[in-house]
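The chain contents come next:
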Amino acid sequence: MLTRRIIPCLDVVKGRVTKGVRFKNNVDMGDPVELARKYYDDGCDELVVYDITASAEGRGTDLEMVASVAAAVHIPFAVGGGVSSLEDMAAVLDAGAEKVSVNTLAVKKPEIIGQGARRFGSQCIVLGMDPVKTERGGAFPSGYEVTTHGFRVRSGLDAVEWAKRAEAEGVGEIVVNSVDADGTHKGFNLEITRMIADAVSVPVVASGGAGNPEHIRDAFTEGHADAAIVAGILHSGEYGVCEIKARLCEYGVPVRMCYA
């Protein structure tokens, strides 16, 4: 049985990790390299690093930061934010990341997914998706619309249809970050996570809303996710990666255990 992955998320602004609620009221949480090393030492399976203002500011990814994270950990990690071309993808991977996450770029230019998959391998291309709940029907049969630019722009795309299109284009993994649940600590949006996981065959990662190990368990059992992104409850010190994994084992969720 495949183990479920626990993936700490580092949202970075001006070289510092930040965390907010629904992308607002962000609070400084620390240095990204120090936190990456901490979570690596604590037994996380992967990491994801988002340069969350890069696209909105019209600049590229902070490659120096990516290289520093790569030097600090020895696990796969994905990088998103500021990627606007195949050359940007190559630069991120050359800096030490194993995966590149595209969101705004993929919506603007869906063919970039296939181009990246052919050049670097589909396992390197991750679709980041920020769906928001809307009225079901018409253009949005799932009841969720994809947003871009950190929830600043509505795309007009139905979330489930966009996930299927991305899979057809060659994406290797899809991260479903619920805008409505982000930072609330009230649990993942299991509905949209499950709909997308059931609609595609590539791995789906639940993101947004984790408040305790039970929420993470539910992402796997009810949301049908292959992995879960966790941020605030780790940054605050409320839970550690090993503690979360131990609780998941108690619930019968298969995870790669860590050892203190």
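In short, a report on the structure. (Residues numbered from 1 in each chain as written. Predicted model: local features only at pLDDT ≥ 70, side-chain atom pairs only at ≥ 80, totals over all residues. Heavy atoms only, no water.)

## A few points about the packing of helix 1 (residues 32-41) against helix 3 (residues 63-72)
Two measures define how a pair of helices packs: the angle their axes make with one another and the distance between the axes. Orientation of helix 1 relative to helix 3, taken along the N-to-C sense of each, is 25°, at an axis distance of 9 Å. Judged by the inter-axis angle, helix 1 sits roughly parallel to helix 3. The chirality of how helix 1 crosses helix 3 is right-handed. Contact residues: helix 1 offers Pro32, Val33, Ala36, Arg37 and Tyr40, while helix 3 offers Met65, Ser68, Val69 and Ala72. Here the contact of helix 1 with helix 3 is composed, by residue class, of seven nonpolar, one polar and one charged. (Axes fitted to C-alpha atoms, helices over the stretch in contact; angles between N-to-C directions. Helix = DSSP H or I, 4+ residues; strand = E, 2+ residues; numbered from the N terminus. Parallel < 35°, antiparallel > 145°, perpendicular 65-115°, else oblique. Left-handed = near helix turned anticlockwise from the far one by under 90°. Contact = heavy atoms within 4.5 Å. Nonpolar A, V, L, I, M, F, W, Y, C, P; charged D, E, K, R; others polar.)

## Side note on the pattern of salt bridges
Following the criterion strictly, the structure yields 14 salt bridges and no others. The partner of Asp51 in a salt bridge is Arg59, and the shortest N-O contact between them spans 2.8 Å. Classification of Arg59 as partly exposed rests on a relative accessible area of 30%. Here Arg217 and Asp218 are joined by a salt bridge, their closest N and O atoms 3.1 Å apart. Look at Arg217 and you get partly exposed, because its relative accessible area is 24%. Among the residues examined, Asp218 registers a relative accessible area of 16% and is labelled buried. A single network of salt bridges, built from pairs that share partners, joins Arg5, Glu46, Lys99 and Glu173. (Salt bridge = Lys/Arg side-chain N within 4 Å of Asp/Glu carboxyl O. Buried < 20%, exposed > 50% of the residue type's maximum accessible area, 1.4 Å probe, protein only.)

## Structural notes on helix 9 (residues 213-221)
Helix 9 sits mainly inside the fold: seven of its nine residues count as buried. Of all the residues in helix 9, the buried ones are Pro213, Glu214, His215, Ile216, Asp218, Ala219 and Phe220. Looking at the buried residues of helix 9, the elements they touch are strand 1 (5-13), helix 8 (190-199), strand 11 (204-207), strand 12 (227-230), helix 10 (232-235) and helix 11 (241-250). Backbone nitrogen of Glu214 and a side-chain oxygen of the N-cap are separated by 3.0 Å at the start of helix 9; the cap is Asn212. (Polar contact = N/O pair within 3.5 Å; in protein donor to acceptor, adjacent residues only side chain to side chain.)

## Quick notes on the environment of Gly150
Position of Gly150 among the secondary structure elements: in the loop between strand 8 (144-148) and strand 9 (153-158). As for Gly150 and Leu63, which are separated by 87 residues in sequence, their C-alpha atoms are 20 Å apart.

## Some words on helix 3
What helix 3 keeps buried is the set Met65, Val66, Val69 and Ala72. The buried residues of helix 3 occupy one face: seen down the axis, they fall within an arc of 125°. When the buried face of helix 3 is taken as reference, the exposed residues oriented beyond 90 degrees from it are Glu64 and Ala71. At its buried positions, helix 3 is contacted by strand 1, helix 1, strand 4 (47-51), strand 5 (77-80) and helix 4 (86-94). Where helix 3 begins, the side chain of Asp62 points an oxygen toward the backbone nitrogen of Glu64, at a separation of 3.3 Å. (Arc of directions from axis to C-beta.)

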